[in-house]
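Fold and contact review
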2 protein chains.
Amino acid sequence: MAALVKFVFLLFGATACLGWQNNLADVPKLTVSAYGSLWPLPQSVHISPVAFRVSSFGFQIVHSPKSSAGPSCFLLQNAFRRYFEYTFGYSKKLKGDLKMVANDSEVFELQVWISSENPECDSYPSVKSDESYELSIDQPTAVLKAPKVWGALRGLETFSQLVYADKYGTNYINKTDIQDFPRFAHRGILLDSSRHYLPLKVILANLDAMAMNKYNVFHWHIVDDHSFPYQSTAFPNLSTEGSYHPYTHVYTPTDVKMVIEYARMRGIRVVAEFDTPGHTQSWGLGQKGLLTPCYAGDTPTGTFGPVNPILNSTYEFMTQFFKEVSSVFPDMYIHLGGDEVDFSCWKSNPDIQKFMDTQGFGKDYSKLESYYIQKILEIVAGTKKGYMVWQEVFDNGVKIKPDTVVEVWMGNKLEEELKKVTGAGFTTILSAPWYLDYISYGQDWQRYYKVEPLDFEGTEAQKKLVVGGEACLWGEYVDATNLTPRLWPRASAVAERLWSDKDVKDIGDAYSRLTQHRCRMVQRGIPAEPLYVGHCEHEYKGL
Amino acid sequence: MAALVKFVFLLFGATACLGWQNNLADVPKLTVSAYGSLWPLPQSVHISPVAFRVSSFGFQIVHSPKSSAGPSCFLLQNAFRRYFEYTFGYSKKLKGDLKMVANDSEVFELQVWISSENPECDSYPSVKSDESYELSIDQPTAVLKAPKVWGALRGLETFSQLVYADKYGTNYINKTDIQDFPRFAHRGILLDSSRHYLPLKVILANLDAMAMNKYNVFHWHIVDDHSFPYQSTAFPNLSTEGSYHPYTHVYTPTDVKMVIEYARMRGIRVVAEFDTPGHTQSWGLGQKGLLTPCYAGDTPTGTFGPVNPILNSTYEFMTQFFKEVSSVFPDMYIHLGGDEVDFSCWKSNPDIQKFMDTQGFGKDYSKLESYYIQKILEIVAGTKKGYMVWQEVFDNGVKIKPDTVVEVWMGNKLEEELKKVTGAGFTTILSAPWYLDYISYGQDWQRYYKVEPLDFEGTEAQKKLVVGGEACLWGEYVDATNLTPRLWPRASAVAERLWSDKDVKDIGDAYSRLTQHRCRMVQRGIPAEPLYVGHCEHEYKGL
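Residues numbered from 1 in each chain as written. Chains lettered and ligands numbered in written order. Predicted model: local features only at pLDDT ≥ 70, side-chain atom pairs only at ≥ 80, totals over all residues. Heavy atoms only, no water.

What follows is about the state of the cysteines. All chains considered together, the criterion is met by six disulfides over all chains. Between the sulfur atoms of cysteine 294 of chain A and its disulfide mate cysteine 345 of chain A the distance is 2.2 Å. In this structure, the disulfide formed by cysteine 294 of chain A and cysteine 345 of chain A twists by about -110° around the S-S bond and is classed as left-handed. Here cysteine 294 of chain A is found in strand β14 (residues 291–296), whereas its partner cysteine 345 of chain A is found in helix α8 (residues 344–348), with 51 residues between them in sequence. Considered together, cysteine 294 of chain A and cysteine 345 of chain A belong to a single accessibility category, that of buried residues. Residue pairing for cysteine 519 of chain B: its cysteine sulfur links by disulfide to cysteine 536 of chain B, the two sulfurs lying 2.0 Å apart. (Disulfide = S-S within 2.5 Å. Helix = DSSP H or I, 4+ residues; strand = E, 2+ residues; numbered from the N terminus. Buried < 20%, exposed > 50% of the residue type's maximum accessible area, 1.4 Å probe, protein only.)

What follows covers the side chain of histidine 249 of chain A. Following the sequence through the fold, histidine 249 of chain A ends up in the loop between α4 (237–242) and α5 (253–265). One polar contact links the side chain of histidine 249 of chain A to the main-chain carbonyl oxygen of cysteine 536 of chain B, over a distance of 3.1 Å. At a separation of 2.8 Å, a polar atom in the side chain of histidine 249 of chain A contacts the side chain of glutamate 539 of chain B. With residues near it in sequence (within four places) discarded, histidine 249 of chain A still touches Tyr197, Pro229, Ser243 and Tyr244 of chain A together with His535, Cys536, Glu537 and Glu539 of chain B. (Polar contact = N/O pair within 3.5 Å; in protein donor to acceptor, adjacent residues only side chain to side chain. Contact = heavy atoms within 4.5 Å.)

Another point: helix α17 (residues 507–523) of chain A. All names here are of chain A. End to end, α17 covers 24 Å across 17 residues, agreeing with the expected 24 Å (1.5 Å per residue, within 8%). With 16 of 17 residues buried, α17 lies mostly within the body of the structure. Its side-chain oxygen at 2.9 Å from the backbone nitrogen of glycine 508, aspartate 506 defines the N-terminal cap of α17. (Expected span 1.5 Å × (residues − 1).)

Right, let's get into the packing of aromatic side chains. All names here are of chain A. The full count for this structure, using the stated rule, is 78 aromatic pairs over all chains. Judged by centre distance (5.5 Å) and plane angle (55°), the ring pair of phenylalanine 59 and phenylalanine 88 falls under tilted. Of this pair, phenylalanine 59 sits in the loop between β3 (44–53) and β4 (60–63) while phenylalanine 88 sits in helix α1 (residues 74–88), and the two are 29 residues apart along the sequence. Residue class for phenylalanine 59 comes out buried when judged on its relative accessible area of 6%. Seen from their ring centres, tryptophan 445 and tyrosine 449 are 5.9 Å apart, and the 65° between their planes marks the pair as edge-to-face. (Phe/Tyr/Trp six-rings, centres within 6.5 Å; stacked < 30°, edge-to-face > 60°.)

This part takes up the domain arrangement of chain A. Residues and elements named next belong to chain A. By the assigned domains, chain A splits into domain 1 (44–180) and domain 2 (186–476 + 493–501). Centre-to-centre separation of domain 1 and domain 2, based on C-alpha positions: 37 Å. Across the boundary between the two partners, domain 1 contributes 22 residues, which contact 18 residues of domain 2. Taken together, the two surfaces of domain 1 and domain 2 that pack against each other cover about 1,700 Å², and 55% of this comes from carbon and sulfur. In terms of surface lost to domain 2, no three residues of domain 1 exceed Tyr124, Val127 and Arg154, which account for 33% of the buried area on that side. (Domains from an automatic or database assignment. Buried area = accessible area lost by both parts, 1.4 Å probe.)

All right, on to the pattern of salt bridges then. All names here are of chain B. This model, assessed by the stated rule, comprises 39 salt bridges over all chains. In this structure, the salt-bridge partner of arginine 195 is glutamate 476, at a minimum N-O distance of 3.1 Å. Separated by 281 residues along the polypeptide, arginine 195 in the loop between β11 (186–192) and α3 (200–212) and glutamate 476 in the loop between β20 (466–473) and α15 (483–487) bring together distant segments of the chain. Arginine 195 gets classed as buried once you look at its relative accessible area, which sits at 0%. Residues arginine 266 and aspartate 208 are paired through a salt bridge, measuring 2.8 Å at the closest nitrogen-oxygen approach. Of this pair, arginine 266 sits in the loop between α5 (253–265) and β13 (269–273) while aspartate 208 sits in helix α3; the two residues are 58 residues apart in sequence, bridging distant segments of the chain. This pair shows no difference in class: arginine 266 is buried, exactly as aspartate 208 is. (Salt bridge = Lys/Arg side-chain N within 4 Å of Asp/Glu carboxyl O.)

Turning chain B through 180° and shifting it by 0.0 Å along the axis lays it on chain A, with an RMSD of 0.0 Å. Classification of the inter-copy transformation places it as that of a two-fold axis. Closest approach to the rotation axis among the C-alpha atoms of chain B is made by serine 440 of chain B, whose C-alpha sits 2.5 Å away. Take the interface residues of chain B: 100% of them recur as interface residues in chain A, which is what a same-surface contact looks like. (Least-squares fit on C-alpha atoms with pLDDT ≥ 70 in both.)

With that settled, the discussion passes to the interface of chain B and chain A. With 77 residues of chain B in contact, the opposing surface of chain A contributes 77 residues. Where chain B abuts chain A, roughly 6,900 Å² becomes buried across the two surfaces, and 62% of that area is made up of carbon and sulfur atoms. Across the pair aspartate 479 of chain B and arginine 518 of chain A runs a salt bridge, and its minimum N-O distance is 2.9 Å. On the surface where chain B and chain A come into contact, there are 24 residue pairs in polar contact (both at pLDDT 80 or more). Those elements giving two or more residues to the side of chain B that touches chain A turn out to be α3, α15 and α17 (507–523) of chain B. Counted by class, the side of chain B that touches chain A contains 40 nonpolar, 19 polar and 18 charged residues. (Nonpolar A, V, L, I, M, F, W, Y, C, P; charged D, E, K, R; others polar.)

Encoded structure:
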């Protein structure tokens, strides 16, 4: 007993049993997309019905003679291996549902042509990285042309999505022309390794999945109240005392390096977040005197509040700590948090009260917060890094550098906030509509998909300041057991919204492509959960 | 940014960020339970602070000299191995939070004493199986006494939950006395292998998890509209044509046997459901003429409705089919479904209209439904099996045998329905409050836990007719990628409700034990998802 039957093509509409929900309307028909299984959809795609054979024996991915990159470009060499495996490494692939007129001709190689002088093989990706590429599939040679390696990575993913097998297992690729580039430069996934520790294996697998979806930022919410798994070389006590376990539940410097390099190889930035002054309970365990002692009347309660903003020692610690962090994480940005500061402990503390008087802050604790943030921003500016902050830092009127990136996460008055932040000239990242930790029954991917990030009142210049968005999977209810299927393919919906053209919004077409894309992720070892009733040719092999 | 901080013991209350939910009130404090990590809680437990050592070297689980079972009882031999591994097979175990006064004495063996004449080693479990046991932990010998092997299995699980390690890794078990038996005889999990095919590995792992939670019925919703993975020997076309794939997405007779035996070894019944006359679209693909042709006016539309109830061929097919099914599945019960029959196709069909006239059913299609069900019940009764049905069969006034089990799944007017069904003298299974396919953000296990199955108006005799319940995980949105973490530990909440005493309902105590129980499941290889912020000593090793 579970569903009143409606036989709709391969799919069946399900009415919820207990009257709690009725999802029938939410389930689109599963149709055939003219774009096969491409995800996210490139900006311009022309697929001809002419199909060429591709053989895993002898097919090569090679550097074009015209390319500025060659075999010493390890990033590309690695990508060639990875995408060869993705393309041919399985007994069978998805048919892709493309129209096809088989042709005796064969595609023998894919030439990768980095067309600018500096391919950026050994660089780190940045928000300014050029991810554009052109892909021309013809026989005997297909060409992937990109100014930089970053575009080549995106194009290789696209290429791997174009190859499919007919019913005899013969691999085909249609004659195709693609010009592609991302709509938004910042396309991120936030993972939280504090509320639950995430084993390295989980993080790396999710970097793989991100690359499959053309994500380019891993926002690593690495520490928080609950645990401090980041192993600091300057302050080793932070993780020894503040992590769930000093050996099994920490990220060593080597782990962190591996994450960063694994991400770089996939064109993904690692933006680490060290959120202060709130969300720092775990910091206090390994750094005595850092947090504010809370009081009941005249007596300390033994509990602690946010970082103590009135002590010089706080800023000395932060200077040294962020010096380390800025050298460990090569990205040009550090995320400094700044959200949800609870004032009650500050209010209770007599020394803080005195300081407030001295500074003339009166009873306005947001001024104290601003005072603290201001000093932290100066410290980090000294490391030559840019910074990202949660929206409260802007809302509270903290003086921030013009190149600060403000992350808008609050759902209420969202459009107003976007208007204000961009109106003030700040670069903006949107995460409010994409808090994937919130789950509900049914096809919630559609809700994420339908978001239009620029749907707020503002000038063209203001809209240009919205450089992207992030899908956030906060860690209250996820760990190694359930994180990956909860994130994918729900985050894939956000990926297409951030990469593809504004007008790519046909839910039915998206549903068809995404259904195939999710099976492709499963085939590649990512336990991406189903969108609805159905099956994959190769089901997930794990548990 | 994700949570206003409240430092509560090892846990932090989280207020939801976007004002969508506020779950702070839902998160109990994580306290220490006097019952360690026991789950579900036994009926009577006395744990002394005196702790004995237990060494994995030399510790034995043996047949008591007084036992009616011996080494030829493969069921127990298998269980000894399994529980030895569970007890000692990990580098470290949970501390269990028990009070402990270490004692130099050691427990050298657990004697398993089957006290009745027939241990039932080679039997299949049934709703009447005796699952009671007594466990007495003392030195040098612990004794597990049970009338039948079924109780011994439950007691072995309990024993394995009592062993813990101190900080040096020394294994201990406290002097303990337990008398235990289930409150309800039928404690089931429904899995749906039609909406998504579930690889054998997933089913077996979930049988393991069921045993860890003392579940005793696997309600196998094996076929439905969407696919027919059951490979019938009499009608092989049913799966050849009706499954997602005739080789990779079917259950062969050997697979089915393996599931049944694997379950039997764990004291779990396998109740197969072959739901008719609705939910049968996939049947029609391999059995022409079985389903009702739908009409638009005088013209067949080419689509089909429920099983055609007016043809003799239907009943000939069903007779042969259920004859096979009743011999393949040894359980005394078959689940015949009977839910959610859509009348629109029947109404459209002129032959059915004629039949209705002939029979004097007028326009009351529920009479036609009853006519069909009646005949199916007679067919199955002829196989000497009992049957289970969804509540509609009762609601529609079908004449059913007095030993029919009615499964109540509709949430609205639930108490009224329980009163009616039991008032009519029928054995009842409750699943309405435990549809685990419905998900929501937060600690929904508490909602499942708080259900009191006998909370309806009725006599003592009526209440006794409620023999248990089932947690149902319908397959719309789950497959191998996400089924296991979505089911556990949410189904563990239902497990304790169905096993333990009515008065076991302290949410805080349950939270403490369940948190440890979920980490134990993770340690045993089951990716059970977290209840809230925190960590397990050994995180899940998979993805």
